[in-house]
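This is what each chain is made of:
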Amino acid sequence: MSQQAKDEFYKDAEALAMDMAAAVNEEAHDLVAAGADVIQLDEPWVRSDPAAARRYAVKAINRALAGIEVPTVVHLCFGYAAVLPGETKPSGYAFLPELADTVAGTISIESAQPKIDLGVLEDLAPKKIMLGVLDLSDLNVETPETVATRIRRGLAHVPAERLIPAPDCGMKYLPREVAFAKLKAMVGGAAIARRALA
């Protein structure tokens, strides 16, 4: 939010971000009071300015999630697949291991479309990992076997009890029938991976 705001008052990026984090925290508490059972923050900017992120992103995230008693997630977004095609997405996150120091219980990352090196997940212990296993840049629906292979790649670095399969990012640009079919493939792939663990 602070990256998209025009600062005519603070003249200090960190002060602006911290006050916005306090406002987000108030909203998050209102959402929990209204019945939300998970609070997720989407964070697309830390990867584009990792130097600034190292100065105050963890502090701002922790302020935004302060006192939240339900499960919390931080999603590191590369951007919607329909807006940023695969060839423009980086092959890794410039700011990820640092999120181990946040109060968020789960870190959500994209990995199906950008095909990042999942070895970096080991730096996030003991967080839960919400691992993107659906490529939302491709209208072709993955097979459950393809999804299971992507899940197994994550399991090479994170124990099963800490791994949560998910789409890479938001599915709003997909046709409804494609989105639904991809979600069915994700459920099927998770079942295959789970059977292999039994």
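This text follows the structure it describes.
Quick caveat: nothing in here was measured; it's all calculated off a predicted structure.

Visitor: Explanation requested: the packing of aromatic side chains in the structure shown.
Guide: Think of a pair of aromatic rings as described by two things: how far the centres are apart, and how the planes are tilted against each other in angle. Tallied over the entire structure, the rule returns one aromatic pair. Relative to Tyr 10, the ring of Phe 9 lies with its centre 4.9 Å away and its plane at 90 degrees, an arrangement referred to as edge-to-face.

Visitor: Explanation requested: the packing of helix α3 (residues 144-155) against helix α4 (residues 176-197) in the structure shown.
Guide: Helix packing for two helices is described by the angle between their axes and how far apart those axes are. Following both chains from N to C, one finds α3 and α4 inclined at 55 degrees, their axes separated by 7 Å at the closest point. In terms of orientation, α3 and α4 fall into the oblique class. Handedness of the crossing formed by α3 with α4: right-handed. Where α3 approaches α4, its residues Pro 144, Glu 145, Val 147, Ala 148, Ile 151, Arg 152 and Leu 155 are matched on the opposing element by Ala 185, Met 186, Gly 188, Gly 189, Ala 190, Ile 192, Ala 193 and Leu 197. Split by residue class, the contact of α3 with α4 holds eleven nonpolar, two polar and two charged.

Visitor: In this structure, what is going on with α4? I would like to understand it.
Guide: An α-helix turns once every 3.6 residues. As a result, residues three or four positions apart point the same way. Over its 22 residues, α4 extends 32 Å from the first C-alpha to the last, a length consistent with the 32 Å expected when each residue adds 1.5 Å. Among all positions of α4, only Val 178, Ala 179, Lys 182, Ala 185, Met 186, Gly 189, Ala 190 and Ala 193 are buried. What you see down the axis of α4 is that its buried residues fit within an arc of 140 degrees, all on one side. For α4, the exposed residues lying more than 90 degrees away from the buried face are Arg 176, Glu 177, Phe 180, Lys 184, Val 187, Arg 194 and Arg 195. In this structure, the buried residues of α4 make contact with β4 (128-134), α3 and β5 (163-167).

Visitor: Help me out: how do you make sense of the pairing of strand β1 (residues 39-43) in this one?
Guide: It is a general feature of regular strands that their side chains alternate between the two faces of the sheet. Going residue by residue along β1, you find Ile 39, Leu 41 and Glu 43 tucked away on one face and Gln 40 and Asp 42 left uncovered on the opposite face. Viewed along the sheet, the connection from β1 through helix α2 (residues 50-64) into strand β2 (residues 72-76) turns out right-handed.

Visitor: Where do I start with unusual backbone geometry in this structure?
Guide: Peptide bonds are, in most cases, trans, and in most cases residues other than glycine have a negative phi. With an omega dihedral of 5 degrees, the bond running from Ala 125 to Pro 126 counts as a cis peptide bond. Tracing the backbone shows Pro 126 in the loop between β3 (106-109) and β4. One non-glycine residue, Lys 11, lies in the positive phi region at around 55 degrees. Its location among the elements puts Lys 11 in the segment before α1 (13-33). Note on Lys 11: relative accessible area 61%, which makes it exposed.

Visitor: Whenever I open this one, the pattern of salt bridges confuses me. Can you help?
Guide: Opposite charge on two side chains lets them pair, provided their charged atoms get close. Scanning the entire structure with this criterion turns up five salt bridges. Lys 6 serves as the salt-bridge partner of Glu 8, at 3.3 Å between the closest nitrogen and oxygen. Per residue, the accessibility class of Glu 8 equals that of Lys 6, and both read exposed. Several salt bridges converge on common partners, so that one network encompasses Glu 142, Arg 150 and Lys 182.

The rules behind each value
Residues numbered from 1 in each chain as written. Predicted model: local features only at pLDDT ≥ 70, side-chain atom pairs only at ≥ 80, totals over all residues. Heavy atoms only, no water. Phe/Tyr/Trp six-rings, centres within 6.5 Å; stacked < 30°, edge-to-face > 60°. Axes fitted to C-alpha atoms, helices over the stretch in contact; angles between N-to-C directions. Helix = DSSP H or I, 4+ residues; strand = E, 2+ residues; numbered from the N terminus. Parallel < 35°, antiparallel > 145°, perpendicular 65-115°, else oblique. Left-handed = near helix turned anticlockwise from the far one by under 90°. Contact = heavy atoms within 4.5 Å. Nonpolar A, V, L, I, M, F, W, Y, C, P; charged D, E, K, R; others polar. Expected span 1.5 Å × (residues − 1). Buried < 20%, exposed > 50% of the residue type's maximum accessible area, 1.4 Å probe, protein only. Arc of directions from axis to C-beta. Right-handed = clockwise from strand over helix to strand, strands pointing away. Salt bridge = Lys/Arg side-chain N within 4 Å of Asp/Glu carboxyl O.

Distances and angles like these do not, on their own, reveal function.
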